[in-house]
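Structural overview for review
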Amino acid sequence: MHLADRVNKIKPSPTLAIDAKAKALKSQGLDVIGFGAGEPDFDTPDNIKEAARKAIETGFTKYTPVGGTDELKDAIIAKLKRDNALDYARNEISVACGAKHSLYNISQALVQEGDEVIIPAPYWVSYPDQVILAGGKPVFIETDEGAAFKITPEQLEKVITKNTRALILNSPCNPTGSTYSLDELKSLGEVCLRHDFAIITDDIYERLLYDNQTFYNIATALPALQPRVIVVNGVSKTYSMTGWRIGYAAGPADLISAMTKMQSQSTSNPCSIAQKAAVEALNGPQHAVASMVVEFEKRRTYIIDRLNAIPGVSCFKSTGAFYAFPNFSQIYGKSFEGKVICNSTDFAAYLLEQARVALVPGIAFGADKFVRLSYSTSMRNITEGLDRIDTAVRNLK
Ligand SMILES: *Cc1c(COP(=O)(O)O)cnc(C)c1O
């Protein structure tokens, strides 16, 4: 078949691919410990499931408005007011089939040939490819663990050109777990105020925050920017609802309307039943989130200490999300049975083959010195997996 050129400009999501490979090995009966998961390992809370059951029973099973029901938009508006001190109207909200879909709609509605989108690296895997699919050019700002994986106002200023269309911020960040403070967001915002481009803030890990931190996004930090900010969020990570596919965007009415138009010619509305469940997630009791955060924080502390105890490994102490992002580059150049490990891809392959541990090579996030381990798995798996990684590293010559 003769395929369109755009297909060859992007790659399949590498994180989903690793997870699939680990699951395939497991289904062959091999004992693989998976650190690849990009989703919470908890069940969706019962009150949310009950809302979905009720939606089915009462026949709420038909098309809804493309950009989501008024009921869900109102729940989102209330959430943005309550948690983020941001005011929005219904025509400034659009619901999509996951936050990934919201981000896709944004890039399709905002970016065209010749446009540049600034993306701090390490970055979430889909940002660059979505920009490329829209015909735009990703412009990366490199960060490292020494800078807590955060960009500075000076770094931002330097890459802005007349073609800059947008900046994407993701805090807490996947893959690094790094979180911007209120002051840091204000200083980045001051730079943005001097120019004219959109700021996309991907707040999907907003509630998965440790060490008693408070969450801020750049619109809350600098209200003067709000007319140019697009807030992206969803229920996947906070409520362990990755399979339900509900995400949303809040932003300027003309952009929201353009995104909804794109969506009207692709997916139409997100699942009606999942929308009812999302209303319950946002409006209902929140204690399941709190207990998930307690468990994640325990695992975070353990996994980071264990990684830092491996000779040659350093791991940044993440403050949010559910990922550890250790630097393994000190062991590059070492070998196992004559096979040299040169980069994060070699290292991940070595661990999968020799230690039966699956994790994601950092190159997928634009950072080849690192690998990503999700601690969205039981403490038992984490302990056993870290034992295996420790042994595998010590077996290298
Ligand atoms: C998981 C994730 C998303 C997308 O989540 P959806 O399931 O599509 O709502 C978006 N951004 C980041 C950084 C993520 O890790």
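Check the entry above for the structure.
Residues numbered from 1 in each chain as written. Predicted model: local features only at pLDDT ≥ 70, side-chain atom pairs only at ≥ 80, totals over all residues. Heavy atoms only, no water.

A word on the state of the cysteines. Structurally, a disulfide amounts to a covalent bond that connects the sulfur atoms of two cysteines. Considering all chains together, one arrives at zero disulfides under this definition. Here Cys173 stays free of any disulfide, with the sulfur of Cys315 as its closest cysteine sulfur at 13 Å. We classify Cys173 as buried; its relative accessible area is 9%. (Disulfide = S-S within 2.5 Å. Buried < 20%, exposed > 50% of the residue type's maximum accessible area, 1.4 Å probe, protein only.)

Attention now goes to the pairing of strand β5 (residues 164-170). The buried fraction of β5 amounts to six of the seven residues, a majority that puts the element mostly inside the structure. As defined by bridge partners, strand β3 (residues 116-121) adjoins β5 across three bridges and the pair is classed as parallel. Residue pairing in the sheet places Glu116 in a bridge with Thr164 of β5. Here β5 runs beside strand β6 (residues 198-202); their pairing, made up of five bridges, is parallel. Its bridge partner being in β6, Leu167 is matched across the sheet by Ile199. On the question of chirality, the crossover connecting β5 to the parallel β6 by way of helix α8 (residues 182-193) is right-handed. (Helix = DSSP H or I, 4+ residues; strand = E, 2+ residues; numbered from the N terminus. Pairing = 2+ DSSP bridges. Right-handed = clockwise from strand over helix to strand, strands pointing away.)

Another point: the packing of helix α3 (residues 46-57) against helix α11 (residues 272-283). Closest axis-to-axis distance for the α3/α11 pair is 8 Å, and the angle between their directions is 140°. As α3 runs across α11, the sense of the crossing is right-handed. The residues of α11 that touch α3, namely those facing Asn47, Ile48, Ala51, Ala52, Ala55 and Ile56, are Ile273, Lys276, Ala277, Glu280 and Ala281. Split into classes, the residues belonging to the contact of α3 with α11 amount to eight nonpolar, one polar and two charged. (Axes fitted to C-alpha atoms, helices over the stretch in contact; angles between N-to-C directions. Left-handed = near helix turned anticlockwise from the far one by under 90°. Contact = heavy atoms within 4.5 Å. Nonpolar A, V, L, I, M, F, W, Y, C, P; charged D, E, K, R; others polar.)

What follows is about the sheet that holds β5. Spatially, β2-β8-β7-β6-β5-β3-β4 is the arrangement adopted by the seven strands of the open sheet, whose pairing is mixed. The sheet terminates laterally at β2 (93-96) and β4 (137-142), the two strands that pair on one side only. The sheet shows a mean angle of 20° between the axes of neighbouring strands, taken without regard to direction. Judged from the six bridges that link them, β3 and β4 form a sheet pairing that is parallel. Note that in β4 the partner of Ala121 across the bridge is Glu142.

Near the ligand you find 13 residues, and of these Ala99, Asp202, Tyr205, Lys237 and Arg245 are the closest. Within the backbone of Ala99, a nitrogen or oxygen atom sits 2.6 Å from an oxygen atom of the ligand. Interatomic distance of 2.8 Å between a side-chain N/O atom of Asn174 and an oxygen atom of the ligand. In isolation the ligand exposes 390 Å². Once the protein is present, 93% of that is buried. Comparing atom positions with the cavity grids shows the ligand to sit within the largest pocket. (Near = heavy atom within 4 Å. Polar contact = N/O pair within 3.5 Å; in protein donor to acceptor, adjacent residues only side chain to side chain. Areas by Shrake-Rupley, 256 points an atom, 1.4 Å probe, with all protein chains shown as cover. 1 Å grid on protein atoms, 1.4 Å probe; cavity = no way out; pocket = protein on both sides within 12 Å on 5 of 7 lines; lining within 4 Å. Sits in = over half its atoms within 2 Å of the grid points.)

Right, let's get into the layout of surface pockets. Of the volumes computed, that of the largest pocket is approximately 490 Å³. Lining the largest pocket are 26 residues, and of these Leu16, Gly38, Lys100, Trp124 and Lys237 sit closest to its centre. Listing elements by their share of the lining of the largest pocket, those giving two or more residues are α2 (14-27) and α5 (99-110). Taken together, the residues that form the lining of the largest pocket break down as ten nonpolar, nine polar and seven charged. Mapped onto the domain boundaries, the lining of the largest pocket takes at least three residues apiece from domain 1 (5-43 + 288-394) and domain 2 (62-283). (Points joined across faces, edges and corners; volume = space filled by probe spheres on them. Domains from an automatic or database assignment.)

The values are spatial; any link to function lies outside them.
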